[in-house]
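An overview of the molecular structure
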Amino acid sequence: VHVEKNSFLDGIYLNNSFRALKLHHQGLRVPYFAEHAGSFPDVRVSAYSNDGKIAEGIEYLSRPAIGVQ
């Protein structure tokens, strides 16, 4: 998992990348999110896996809320 610099998650994790075991069957595809980013102006993807194809963390820019898998 790669964590974006200067994100809230970057402040939590000591490294900007780490290995993780992924066993979830649901997820947000980063290309889909990028295509529809105008629908989510206050959200950014801040952690990725699979070479940037799957979102592992999202952050709301207008409120103190994050989502992780």
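Refer to the structure printed above.
Cut-offs applied
- Residues numbered from 1 in each chain as written.
- Predicted model: local features only at pLDDT ≥ 70, side-chain atom pairs only at ≥ 80, totals over all residues.
- Heavy atoms only, no water.
- Buried < 20%, exposed > 50% of the residue type's maximum accessible area, 1.4 Å probe, protein only.
- Helix = DSSP H or I, 4+ residues; strand = E, 2+ residues; numbered from the N terminus.
- Pairing = 2+ DSSP bridges.

Let's talk about the pairing of strand β3 (residues 43–49)
Along a regular strand, successive side chains alternate from one face of the sheet to the other. With six of seven residues buried, β3 lies mostly within the body of the structure. In terms of strand pairing, strand β1 (residues 2–3) meets β3 through two bridges, oriented antiparallel. Bridge pairing in β3 links His-2 to Tyr-48. Here β3 hands over to strand β4 (residues 54–60) after four residues, with Asn-50 in that stretch at a positive phi of 50 degrees.

Things to note about the pairing of β4
The pairing of strand β2 (residues 28–29) with β4 spans two bridges and is antiparallel. Note on β4: the bridge partner recorded for Arg-29 is Ile-54. When β3 meets β4, the two strands line up antiparallel, connected through six bridges. Residue pairing across strands places Ala-47 opposite Gly-57, the latter belonging to β4. With three bridges joining them, β4 and strand β5 (residues 66–68) adopt antiparallel strand pairing. In the strand pairing of β5, Glu-59 is matched with Ile-66. Counting the residues in the hairpin turn of β4 and β5 gives five residues.

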